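Inside the fold
Now for the letters of each chain:
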Amino acid sequence: MPAHILIVDDEPEIADLIELYLENEDFDIIKCYDGTTALEVIRTRPLDLAILDVMLPGIDGFSLCREIRRKHRFPVLMLTARGDDVDKINGLTIGADDYIIKPFNPLELIARVKAQLRRYKQYNTPEEEAEAEDDDVIDVHGLIINRATHDCSDIVPLE
């Protein structure tokens, strides 16, 4: 199943370019041109990654990133013309996983998207999948709980 990627940029030409490159990689794309519409998409659609411009009409990209981090763990890439160190640090501090400055190389953006998705999908297994793999063992942030034996430890039991 293709990853669902949200692109939020008020410049349609840039959003269309990113969409073209990502669709060529078989990703499912949702585009928004303002922060208010993007916030509605974030609240109502399942997403695997978001690419956010900072300077947007309505709600800015930093505010969108904060909203995403309140409830979601999917990767967020900031793609913006704001390249000051303060902006980069702010974006990464509020929860962005990467910060890319315009003008950008579309192939590099695709590589970064794939890297973020690989990390997200590989290391953040949903609880349902983890439980399906081993119904008796639960891992809660490094605390291992065995339902069958009621043992708790910080070491995965060998069987």
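Worth saying up front: this structure is predicted, and the values here are computed from it rather than measured.

**Here we look at unusual backbone geometry**
The step from Lys-102 to Pro-103 runs through a cis peptide bond, and the omega angle for that step is -5°. Examined against the element boundaries, Pro-103 turns out to sit in the loop between strand 5 (98–101) and helix 5 (106–123). Its identity as a non-glycine residue notwithstanding, Asp-26 has a phi of 70°, on the positive side. What makes Asp-26 exposed here is its relative accessible area of 60%.

**Examining the nonpolar core**
In this structure, Leu-6, Val-8, Leu-52, Leu-64 and Met-78 are the most contacted members of the largest nonpolar core, which totals 24 residues. If you list the elements that add at least two residues to this core, you get strand 1 (4–8), strand 2 (28–32), helix 2 (35–44), strand 3 (49–52), helix 3 (61–71) and strand 4 (76–80). If near-sequence neighbours (up to four positions away) are discounted, Val-8 is found in contact with Cys-32, Asp-34, Ala-38, Ile-51, Leu-52, Asp-53, Leu-56 and Leu-64. Within the second largest apolar cluster, 19 residues are counted, among which are Ile-7, Ala-15, Ile-29 and Ile-51.

**Observations concerning the sheet that holds strand 8 (residues 152–153)**
The strand order across the open sheet formed by three strands is 6-7-8, and the pairing between neighbours is antiparallel. At either margin of the open sheet sits one strand with a lone partner, and together these are strand 6 (137–140) and strand 8. Pairing analysis gives two bridges linking strand 7 (residues 143–146) to strand 8, with the strands arranged antiparallel. Across the sheet, the residue bridging to Ile-144 is Ser-153, located in strand 8.

**A short note on helix 4 (residues 85–94)**
Residues Asp-87, Gly-91 and Ile-94 constitute the buried set of helix 4. Considered in projection along helix 4, the buried side chains sweep an arc of 80° and stay on one side of the axis. More than 90 degrees from the buried face of helix 4, the exposed residues found are Asp-85, Val-86, Ile-89 and Thr-93. Contact partners of the buried residues in helix 4: helix 3 and strand 5. Trailing helix 4 by a residue or two, Gly-95 shows a phi angle of about 130°, which is positive.

**Here we look at helix 1 (residues 12–23)**
With twelve residues, helix 1 ought to run about 16 Å at 1.5 Å a step, and its terminal C-alpha atoms sit 16 Å apart, in line with that. For helix 1, every residue scored as buried is listed here: Ile-14, Ala-15, Ile-18, Glu-19 and Leu-22. Taken down its axis, helix 1 places every buried residue within 135° of arc, on the same side. Where helix 1 is buried, its residues meet strand 1, strand 2, strand 3, strand 4 and helix 5.

**Section: the packing of helix 3 against helix 4**
The description of two helices packed together rests on the angle between their axes and the distance between the axes. Between helix 3 and helix 4, whose axes approach to 9 Å, the crossing angle comes to 20°. Viewed along their axes, helix 3 and helix 4 adopt a mutual orientation that is roughly parallel. The crossing of helix 3 and helix 4 is right-handed. Together, Phe-62, Cys-65, Arg-66 and Arg-69 of helix 3 and Asp-87, Asn-90, Gly-91 and Ile-94 of helix 4 make up the contact between the two elements. Taken together, the residues that form the contact of helix 3 with helix 4 break down as three nonpolar, two polar and three charged.

The rules behind the values
Residues numbered from 1 in each chain as written. Predicted model: local features only at pLDDT ≥ 70, side-chain atom pairs only at ≥ 80, totals over all residues. Heavy atoms only, no water. Helix = DSSP H or I, 4+ residues; strand = E, 2+ residues; numbered from the N terminus. Buried < 20%, exposed > 50% of the residue type's maximum accessible area, 1.4 Å probe, protein only. Core = buried A, V, L, I, M, F, W, Y, C linked by side-chain atoms within 4.5 Å. Contact = heavy atoms within 4.5 Å. Pairing = 2+ DSSP bridges. Arc of directions from axis to C-beta. Expected span 1.5 Å × (residues − 1). Axes fitted to C-alpha atoms, helices over the stretch in contact; angles between N-to-C directions. Parallel < 35°, antiparallel > 145°, perpendicular 65-115°, else oblique. Left-handed = near helix turned anticlockwise from the far one by under 90°. Nonpolar A, V, L, I, M, F, W, Y, C, P; charged D, E, K, R; others polar.

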